[in-house]
Amino acid sequence: MFDGFVDRAIGADGLSTTVRQNLLRQQLGSVRQMMLAVQACAAVMTAAFLLLTWGTPRFWPMAAILGGINALQLPVPYLALADAASESKGRTMKSSQRTVIHALLLGTLWAVVFSLLPADLNATVPGAATIGAGGLLCISMMALVNYPQALAAFAIPLIVGVLTMAMGIGPTPDLWVEAALLTAFTVIMVAISFNHAAAFVAHKASEALLDERREIIGLLLDAFEQSASDWIWGCDGEGAINRLSVGFTTATGVGQEAMMGADFVHFMTCITLAGDPLMALLEADVAARDTFQNIELKVTAAGAECWWSLTGKPAFDEDGIYLGYIGTGSDVTGRKLAERRMTMLAHHDPMTGLLNRNKFTEHLNSCVARLERYGTPFSVLLLDLDQFKTVNDSRGHSVGDRLLVQVAKRLVDLVHEPDLAARLGGDEFAIILPNSGAVDGVARLADRLIEDVRRPYDIDGDAVNIGMSIGIAMAPLNGTQPDQILRNADLALHHAKSDGRNLYRFFESQMKSEARQRRQLEVELRDAISQNQLLLYYQPVVSSQDQQPVGFEALIRWNHPVRGLVLPADFIAVAEQSNLIVDIGNWTIEQACLAAAGWPEHLTVAVNLSASQFHRADITPVVQRALAISGLAPARLALEITEMLLMQTPEEVVLKLGEIRDLGVTIAMEDFGTSYSSLSYLLKFPFDKIKIDRSFVRACHEDGVERDILKAIASLGRTLRLTIAGEGVETKEQAKFLAEIGCQHLQGFLFARPLDPIDLPHYLLTRVPGRADAVKAEAERQLAAIAS
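Predicted model, so just to flag it, every value in this text is computed and none were measured.

(A) Representation of the environment of L117 within the structure. Of note, L117 is situated in the loop between α6 (92-116) and α7 (124-144). Under the relative-accessibility criterion, L117 is labelled buried at 2%. Setting aside residues up to four positions removed in sequence, L117 forms contacts with F49, T53, R58, M62, V125, A129 and M165.

(B) Quick peek at the pairing of strand β14 (residues 549-560). Counting buried positions along β14 yields ten of twelve residues, so the element is predominantly enclosed. Examined bridge by bridge, strand β13 (residues 534-543) and β14 share nine bridges and lie antiparallel to one another. Residue pairing in the sheet places Q539 in a bridge with E553 of β14. Turn length for the β13-β14 hairpin, with the two strands adjacent in sequence and antiparallel, is five residues, and the turn residue Q547 shows positive phi of about 60 degrees. Pairing between β14 and strand β16 (residues 604-608): four bridges, direction parallel. Within β16, the position partnered with A554 by the bridge is V607. Two strands pair when backbone bridges link them, and β14 and strand β15 (residues 564-566) are joined in this way by three bridges, in the antiparallel orientation. Residue pairing across strands places H560 opposite G564, the latter belonging to β15.

(C) Region of the structure containing the sheet that holds strand β1 (residues 230-236). One open sheet holds the five strands; their spatial order is β2-β1-β5-β4-β3, and the pairing between them is antiparallel. On the outer flanks of this sheet lie β2 (241-244) and β3 (292-301), each paired with one strand and no other. Neighbouring strand axes in the sheet, compared pairwise and without regard to direction, differ in orientation by 25 degrees on average. Pairing between strand β4 (residues 304-316) and strand β5 (residues 322-331): nine bridges, direction antiparallel. Opposite L310, over in β5, you have G329 as the bridge partner. Across the sheet, helix α12 (residues 264-271) touches β1, β2, β3 and β4, and the angle it forms with β3 is around 55 degrees.

(D) Representation of the sheet that holds strand β8 (residues 428-433) within the structure. Strand order in the open sheet formed by five strands is β7-β8-β6-β11-β12, with mixed pairing between adjacent strands. Across the chains shown, the open sheet's two edge strands, defined by having one partner strand only, are β7 (420-425) and β12 (504-506). Direction aside, neighbouring strands of the sheet carry axes that sit 20 degrees apart on average.

(E) Examining the packing of aromatic side chains more closely. If you walk through the whole model with that rule in mind, you get 17 aromatic pairs. For the ring pair W233 and F292, a centre distance of 6.3 Å and an interplane angle of 10 degrees mean the geometry is stacked. On the criterion of sequence distance, the pair formed by W233 in strand β1 and F292 in strand β3 is long-range, its members being 59 residues apart. Take W233: its relative accessible area is 1%, and that puts it in the buried class. Pairwise contacts between aromatic rings join W233, F264, F292, F316, Y322 and Y325 into one cluster. The ring of Y537 carries the charged tip of R557 above its face, separated from the ring centre by 5.4 Å. For K656, the ring lying beneath its charged end belongs to F614, and the centroid distance is 5.5 Å.

(F) Inspection of the side chain of R373 at higher detail. For R373, the location among the structural elements is in helix α15 (residues 357-374). Here the side chain of R373 touches E727 through a polar contact of 2.5 Å, side chain to side chain. In this view, R373 contacts Q539, E553, L555, P568, N608, E670, K691, R694, E727 and Q747; residues no more than four positions away in its chain are not counted.

(G) Geometry of helix α16 (residues 388-395). Among the residues of α16, those classed as buried are F388, V391 and N392. The arc enclosing the buried residues of α16, seen along the axis, measures out at 95 degrees, which places them on a common side. Seen from the buried face of α16, the exposed residues on the opposite side, beyond 90 degrees, are K389, T390, D393 and S394. The inward-facing, buried residues of α16 contact β6 (378-386), α17 (397-414) and β10 (462-464). G396 sits one or two positions beyond α16 and adopts a positive phi of about 100 degrees.

(H) Seen up close, the pattern of salt bridges. The full count for this structure, using the stated rule, is 25 salt bridges. Residue R526 pairs with E522 through a salt bridge whose shortest N-O separation is 3.2 Å. Of this pair, R526 and E522 both sit in helix α20 (residues 511-530), separated by four residues, roughly a single helical turn. According to the relative accessible area criterion, E522 is partly exposed, its value standing at 25%. Several salt bridges converge on common partners, so that one network encompasses R373, E553, E640, E670, K691 and E727.

Reading the values: the criteria
Residues numbered from 1 in each chain as written. Predicted model: local features only at pLDDT ≥ 70, side-chain atom pairs only at ≥ 80, totals over all residues. Heavy atoms only, no water. Helix = DSSP H or I, 4+ residues; strand = E, 2+ residues; numbered from the N terminus. Buried < 20%, exposed > 50% of the residue type's maximum accessible area, 1.4 Å probe, protein only. Contact = heavy atoms within 4.5 Å. Pairing = 2+ DSSP bridges. Axes fitted to C-alpha atoms, helices over the stretch in contact; angles between N-to-C directions. Phe/Tyr/Trp six-rings, centres within 6.5 Å; stacked < 30°, edge-to-face > 60°. Lys NZ or Arg CZ within 6 Å of the ring centre and 35° of its normal. Polar contact = N/O pair within 3.5 Å; in protein donor to acceptor, adjacent residues only side chain to side chain. Arc of directions from axis to C-beta. Salt bridge = Lys/Arg side-chain N within 4 Å of Asp/Glu carboxyl O.

Below, the structure written as structure tokens:
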């Protein structure tokens, strides 16, 4: 029981059995080293006390006890050797018990000696006793300071004996003072012993744990370095390579002697592609002495192009001095090539290399989703070759296939990112212009396509001539759903063919009525702003770990007095073209901040920023005003942007986003992964959060390639220290997969649909404990506002 108390006092109770046994051996070892000093002290005091009692009746009893003390201490060297031998065999507890018993016997015998001293014989005896007791206490403290149990076993009987001697003289003031001082010094000595023992235990425990870890790490590194596929590298504080495994030299084709001492970052820069953003990221991490994980670089090593996955961690000594890097690497070329082949087969037409119908449909769905959320217009062109069937039938399918390949090449030369070209089948192609809603621009592209495709083709030395007809549908003007848009584009294509071929036609059957409706919609939308017909719905964003709400995304709706609830896809495009988007966007930010100010402090609110609003309004003062009016903490507001915004005057956009981020507002990138330029934009601006596009989430349990892409996005997010959110989650399987790969936040119908101002308080009441009173008051306020 006392051992347990002491262990808790000196911090040894939480150690493992192995480490505690090792510490106990070291404690006993420090005691054995001081035993000769205790023997010398005993010999000196024996001589002094025998001299003081010579000729008195107590001489012989005193001599007998002092002889016993010295006899008890004579075999100490032998016992020390025996204890060391028994400890080496694992019997540490037995040695510790013997040490405590030995200390208790010595303390008891010395107590008897002090009680037998004739303190009333003369004034010399009490002084000598006091000095002797103090000396014994000092020597015992030095000998037993690392083992408080033995010190207590020795000191307590000793102090009792000295106090007994003092009481035998009589309660004089001098003796009371001496007794008090002796007792106080003893308490201080015990406290110092506990403190010293705690420091000793902490030091020795850290040494033992460090040795154990070094041994384990050494074994792991030795085993790791024997691997041919994975390897270890290291560099010193100056960046010079100072450690290489056999696998690294094999992968590079450069000998270890030539590599040692070379600058690691410079070496990697030489073998990677110029301007590689991931190499720039690695270089920045090394400069900032940050950890990087699984950065996959395309390198030229041993005369061949391959892919490496590198991980590195900075090393520091105990004083925090930077020592360099230690890291691992592996050749992932096989996996990357397999992924490339799988992606090509899954998403591309094997003959022409263009996107296939499935991938085209996926991108079309993404465009429709952006249209629904942000009102972003886009165009779809359906292309059909004229006279191709004649060539294919007369010259054979092989000539027809080669002709299709050349047509595809001409399309690629005319279609530039972010526009997409696809082959739907046979001689039918399609183009998506995801950010184009201008009729003139689409018409100019259609003219160029027709003229370029009409130029003769050289097939085996013969000139082959064909033409192209194009049907065009523009969203939302000609539809807001994928099937509707494709159907209208197909109708326009048939109209082009019936008008003589080699023509393009826009879908026209409803253009006049749509124009009238849009003009009317603009008038009604102006009234909607002034008459407070706009309102915000809030869709919960939950934690992937416990599915508890962490915030909401604000989604605008129009409560039309005749049409009912109007979604943004039906009026945002009108607002952007009429400049009403500035007023609507500013109102949305302000209302979202006011609403969030009444929520629990851990809940955030996200607002989508329209590209038109961003460019036409001075957005930073708008955000500052909304935060000031609402009192909302800046960290609780997130502004979500799309890549389309960054594609227009990126330098100006990055500057403005930096001003907003300096306020403490979170900046998130929406629909991440739907463009080839996503990564470059992440490196241009330090985003706080990325939201994975719903098309990837929807396909993650049907398409292995999509799952791999999601894992890569999650890995990239961890490397860049970004919060990752998945939107459009509709099934438990999707939520589980996203949580497993590291998505922190989830959003979708699985958790909740967008909530109107009436349903939101009930959601907060049921999902956020402790908010009943506040939610009730908010609900009453909302109901009163609606009633009025």
